[in-house]
Amino acid sequence: MRVLVVEDEPAIADFVQRGLQSEGFEVVCAPDGIEGERRALQEPVDLVILDLMLPGRDGLEVLAAVRGRKPTLPVIVLSARAEIDDRVAGLDAGATDYLVKPFSFEELAARVRAHLRTPGQHDATKLQAAGIELDLVRRLAMRDGEEVRLSSREFELLAYFMRHPGQALTRERILSAVWGYDFDPGTNVVEVYVGYLRRKLARADRPAPIETVRSVGYRLRDRDPAANPE
Ligand code: CA
């Protein structure tokens, strides 16, 4: 498995490269957006780790170019705290996942492994899991072919669950990815929004496929009785 790291801060690039190599990945690095885009498009890579603030070409531009040519390539975006507003734009541009700097190597490695295990889940415009389909361009959510009307935040939350089917997601991870907090604001906003989603996704004969994982957080069941087997 070959991972491309596009990062201009040598210390971070080095930290990520050494760590991933020790996990058995082949790692190539690009120190700016131009080289990063060229390598992502022209070389065989299985996953890209992409910093947002880059010399030469901005990370979001690189992401858009990669999505246009390689719609299923997983891209994990790295962003600094100050760039948090970019996160929603990045999600819309097709990032598979986010990490806010500073991050632990364990967290990065877990996400790299998770995204390499589920190729095909990262289509640029549609997500499908558990009988639910999300059209990221038209901002449409369907359950069993029936439209579900969601607010923008509910949509982002469901998209995050659907990018990680079957995985137990902690409240902290959800807060970070969907609300942009890298701290716990001490509210129950995640619980409240999961409650909204469950109500809107539930059908008479079937509850919403979002389950509570005790003392961890939540998980989208990755197999729904009506879902097509692979
Ligand atoms: Ca940077």
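In what follows, the accompanying structure is described. A quick note: this is a predicted structure, and the numbers were derived from the prediction, not measured.

### Some details on the pattern of salt bridges
The tally for this structure, following the rule as stated, stands at 21 salt bridges. The salt bridge partner of Asp97 is Arg111, with a shortest N-O separation of 3.1 Å. Of this pair, Asp97 sits in strand β5 (residues 97-100) while Arg111 sits in helix α5 (residues 105-117), placing them 14 residues apart in sequence. What makes Asp97 buried here is its relative accessible area of 2%. Taken together, the salt bridges that share partners define one network made up of Arg2, Glu26, Glu35, Arg39 and Glu43.

### Comments concerning the sheet that holds strand β10 (residues 168-170)
Spatially, three strands are ordered β10-β12-β11 in an open sheet, and the strand pairing comes out antiparallel. Each edge of the open sheet carries a strand with a single partner, namely β10 and β11 (210-213). The average angle at which neighbouring strand axes cross in this sheet is 35°, direction not considered. Here β10 pairs with strand β12 (residues 217-220) via three bridges, running antiparallel. If you follow Thr170 over to β12, its bridge partner there is Gly217. Helix α6 (residues 152-163) contacts β10, β11 and β12 of the sheet and is inclined by roughly 70° relative to β12. Docked against the sheet, helix α8 (residues 189-201) engages β11 and β12, running at close to 145° with respect to β11.

### Details of the packing of helix α7 (residues 171-179) against α8
When two helices pack together, their arrangement is given by the angle between the helix axes and the distance between those axes. Where α7 meets α8, the axes come as close as 10 Å, and the angle between the chain directions of the two elements is 80°. In this view, α7 runs roughly perpendicular relative to α8, as classed from their interaxial angle. The segment α7 lies against α8, with Arg171, Ile174, Leu175 and Trp179 engaging Val189, Val190, Glu191 and Tyr193.

### Remarks on the coordination of the calcium ion
The protein atoms donating to the calcium ion are Asp8 (OD), Asp51 (OD) and Met53 (O), with metal-donor distances spanning 2.1 to 2.3 Å. Each donor residue of the calcium ion belongs to the same chain, and together they define the spacing D-x42-D-x1-M. Of this pair, Asp8 sits in the loop between β1 (2-6) and α1 (10-22) while Met53 is found in the loop between β3 (47-51) and α3 (59-69), placing the two residues 45 residues apart along the sequence.

### As for the packing of helix α2 (residues 33-42) against α3
Put simply, α2 and α3 touch, their axes get as near as 10 Å, and they point 15° apart. Between α2 and α3, the interaxial angle falls into the category roughly parallel. Note on packing geometry: the crossing formed by α2 with α3 is right-handed. Of the residues in α3, those touching α2 at Gly33, Glu37, Ala40 and Leu41 are Glu61, Val62, Ala65, Val66 and Arg69. Looking at the contact of α2 with α3, its residues break down into five nonpolar, one polar and three charged.

What counts, and where the lines are drawn
- Residues numbered from 1 in each chain as written.
- Predicted model: local features only at pLDDT ≥ 70, side-chain atom pairs only at ≥ 80, totals over all residues.
- Heavy atoms only, no water.
- Salt bridge = Lys/Arg side-chain N within 4 Å of Asp/Glu carboxyl O.
- Helix = DSSP H or I, 4+ residues; strand = E, 2+ residues; numbered from the N terminus.
- Buried < 20%, exposed > 50% of the residue type's maximum accessible area, 1.4 Å probe, protein only.
- Pairing = 2+ DSSP bridges.
- Axes fitted to C-alpha atoms, helices over the stretch in contact; angles between N-to-C directions.
- Contact = heavy atoms within 4.5 Å.
- Parallel < 35°, antiparallel > 145°, perpendicular 65-115°, else oblique.
- Donors = N, O, S within 2.8 Å, 3.2 Å for Na, K, Ca; no water.
- Left-handed = near helix turned anticlockwise from the far one by under 90°.
- Nonpolar A, V, L, I, M, F, W, Y, C, P; charged D, E, K, R; others polar.

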